[in-house]
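# Chain and residue survey
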Amino acid sequence: MDYAAVLKQVAEAVEPERGSGRVANYIPALAEVDPDGFGMSVVTVDGACFTVGQAEQPFSLQSVTKVMSLTLALEILGDAFWARSGREPSGDPFNSLVQLEHENGIPRNPLINAGALISTDVLISRHGRDGAVAAILEFATEMADGEPVRIDGRVAASERETGFRNAALANFIRSFGNLQNPPEDVLHVYFHQCALEMSCKGLSRAMLYLANRGVDPVSGRQVVPERRARRINAVMMTCGHYDASGDFAFHVGLPGKSGVGGGIIAIAPQQLSVAVWSPGLSPQGNSLVGSIALEKFTTLTGLSIF
Ligand code: GLU
């Protein structure tokens, strides 16, 4: 498959849509991003990389990092993790509180904020507060294989200043006994995790293990067991786009995870990982142009898993 040509066609197809959607503005530091930005990167399981647009422009990963913290939390707790978080789609916005009360503080899945706070808590129990931030940064850096990774302190501070709903979620979960660490510490780590910055090139490289049965094909490292890679992909497929997860499956047909920074990572099992960034969001908080680009990508390549 000539992925360079495919990406060129995708970029041409989304050109008229560039700048549509609304850039996240609930965090002031995110609102400053250029709304016309667009980049895309593909890394195949034989390690070849293809890019188009601003694929080397770092952006705020936000909720895309929930896949990384889930990977690390599953390594610590194994299947016991699933006693503390469900794995069903929520059908609710990313920061919704409503289900938690009915479901006794057990979040619907680890890819909404409530569930990501559980992953964070697991990391703090193992590494301590600052050690948990370091573990996430170290994992992202190692997996990105030389592509730049950093935590934007301004974004983290901005999240803290405006994170009342996340604070409510953490305290609520703690009230049910499903957090082991102080909510302030869990929030500190969560906000720093969300503030991780990478480019499409780095992100697609970093997530390649999910496309290759848990093994990073370039380093040969078994990052997660094969069975777990399948399960992380299953959760991404059903829960990776909040209350638009069904729509993403319908249009794109790949496991994926979005973030309000405008990034999306998607996995074509046994083939490739693909990252796209464009900051304008749909009302559900998913990159509008990014979703259109991925739909075009799977249409041209026939890579939908269905
Ligand atoms: N930092 C964001 C929040 O928790 C992440 C949301 C997202 O990317 O969907 O509010």
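So, here is what we can say about the structure in this document. Because the structure is a prediction, the values reported are computed rather than measured.

### Let's talk about the overall build of the chain
The helix and strand inventory of the chain stands at 13 helices and 10 strands. Taking 306 residues into account, the globule formula puts the C-alpha radius of gyration at 19 Å, and the chain, at 18 Å, falls close to it. Overall size of the chain, expressed as C-alpha extent along the three principal axes, is 55 × 40 × 35 Å. Residues counted as buried form 57% of the 306 residues belonging to the chain. Taking the contacts inside the chain whose residues are at least 6 apart along the sequence as the reference set, 68% of them involve residues at least 24 apart. Here the chain displays about 11800 Å² of accessible surface, and carbon together with sulfur accounts for 50% of that area. Within the chain, one finds 24 positive and 32 negative side-chain charges whose respective centroids are separated by 5 Å.

### Re the site of the ligand
Neighbouring the ligand are the residues Tyr 26, Gln 62, Ser 63, Phe 94, Asn 113, Glu 159, Asn 166, Tyr 190, Cys 194, Tyr 242, Gly 259 and Val 260. The side chain of Tyr 242 places a nitrogen or oxygen atom 2.4 Å from an oxygen atom of the ligand. At a separation of 2.8 Å, an oxygen atom of the ligand approaches a polar backbone atom of Val 260. Protein coverage of the free-state accessible area of the ligand, which is 300 Å², stands at 98%. Of the residues contributing to the shell around the ligand, the split by class is six nonpolar, five polar and one charged.

### Here we look at the sheet that holds strand β2 (residues 39-44)
Read across the sheet, five strands follow the order β3-β2-β9-β8-β7 without closing on themselves; strand pairing throughout is antiparallel. Either end of the sheet is taken by a strand with one partner, and the two such strands are β3 (49-53) and β7 (256-258). Here the strands of the sheet are splayed against their neighbours by 10° on average, with no regard to which way each runs. Where helix α13 (residues 288-301) meets the sheet, its contacts fall on β2, β8 (263-268) and β9 (272-277), and the angle it forms with β9 comes to roughly 145°.

### A closer look at helix α6 (residues 129-144)
The terminal C-alpha atoms of α6, which comprises 16 residues, lie 23 Å apart, in line with the 22 Å expected from a rise of 1.5 Å per residue. Considered for burial, the residues of α6 that qualify are Ala 132, Val 133, Ala 135, Ile 136, Phe 139, Ala 140, Met 143 and Ala 144. Buried residues of α6 fall within an arc of 160° about the axis and therefore sit on the same side. Of the surrounding secondary structure, the elements contacted by the buried residues of α6 are α3 (65-77), α5 (113-127), β5 (150-151), α9 (183-194), β6 (196-198) and α10 (200-206). The positive-phi residue at the C-terminal boundary of α6 is Asp 145, with phi of around 55°.

### Considering the side chain of Asn 178
As for its placement among the helices and strands, Asn 178 is situated in the loop between α8 (164-175) and α9. Taking the relative accessible area as the measure of exposure, Asn 178 reaches 6% and is therefore buried. The residues contacting Asn 178, other than those within four sequence positions of it, are Arg 84, Gly 105, Ile 106, Pro 107, Ile 118, Asp 121 and Ile 173.

### Here's the deal with the packing of α5 against α8
Helix packing for two helices is described by the angle between their axes and how far apart those axes are. Two numbers describe how α5 lies on α8: the axes approach to 10 Å, and their chain directions differ by 65°. Where α5 crosses over α8, the two elements pack in a sense that is right-handed. For the pair α5 and α8, contact is made by Asn 113, Ala 114, Leu 117 and Ile 118 and by Asn 166, Leu 169, Ala 170 and Ile 173, respectively. Considered class by class, the residues forming the contact of α5 with α8 number six nonpolar, two polar and no charged.

### A short note on unusual backbone geometry
Positive phi is not limited to glycine here, since Asp 145 has a value of about 55°. Counting through the fold element by element, Asp 145 comes out in the loop between α6 and β5.

### Let's talk about the nonpolar core
Met 68, Leu 203, Met 207 and Leu 210 are the most contacted members of the largest nonpolar core, which has 74 residues in total. In this structure Met 207 touches Val 67, Met 68, Ile 265, Ile 267 and Ser 273, once residues within four positions along its chain are discounted. Counting 24 residues, the second-largest nonpolar core is a separate cluster that includes Tyr 3, Val 10, Val 52 and Leu 272.

### A look at the environment of Asp 243
Along the polypeptide, Asp 243 turns up in the loop between α11 (226-239) and α12 (245-251). The class of Asp 243 is partly exposed, set by a relative accessible area of 34%. Residues Asp 243 and Pro 269 lie 26 residues apart in sequence; the distance between their C-alpha atoms is 23 Å. Look past the residues within four positions of Asp 243 in its chain and what remains in contact with it is Gly 91, Asp 92, Pro 93 and Gln 284.

### As for the sheet that holds β6
Spatially, the three strands line up as an open sheet ordered β4-β6-β5, and their pairing is antiparallel. Edge strands, defined here as strands with exactly one partner in the open sheet, are β4 (59-60) and β5. Here β4 runs beside β6; their pairing, made up of two bridges, is antiparallel. Among the inter-strand pairings, Ser 60 is bridged to a residue of β6, identified as Glu 197.

About the criteria used
- Residues numbered from 1 in each chain as written.
- Predicted model: local features only at pLDDT ≥ 70, side-chain atom pairs only at ≥ 80, totals over all residues.
- Heavy atoms only, no water.
- Helix = DSSP H or I, 4+ residues; strand = E, 2+ residues; numbered from the N terminus.
- Rg over C-alpha atoms; globule rule 2.2 N^0.38 Å.
- Buried < 20%, exposed > 50% of the residue type's maximum accessible area, 1.4 Å probe, protein only.
- Contact = heavy atoms within 4.5 Å.
- Areas by Shrake-Rupley, 256 points an atom, 1.4 Å probe, with all protein chains shown as cover.
- Lys, Arg positive; Asp, Glu negative; His and termini not counted.
- Charge placed at Lys NZ, Arg CZ, Asp CG, Glu CD.
- Near = heavy atom within 4 Å.
- Polar contact = N/O pair within 3.5 Å; in protein donor to acceptor, adjacent residues only side chain to side chain.
- Nonpolar A, V, L, I, M, F, W, Y, C, P; charged D, E, K, R; others polar.
- Pairing = 2+ DSSP bridges.
- Axes fitted to C-alpha atoms, helices over the stretch in contact; angles between N-to-C directions.
- Expected span 1.5 Å × (residues − 1).
- Arc of directions from axis to C-beta.
- Left-handed = near helix turned anticlockwise from the far one by under 90°.
- Core = buried A, V, L, I, M, F, W, Y, C linked by side-chain atoms within 4.5 Å.

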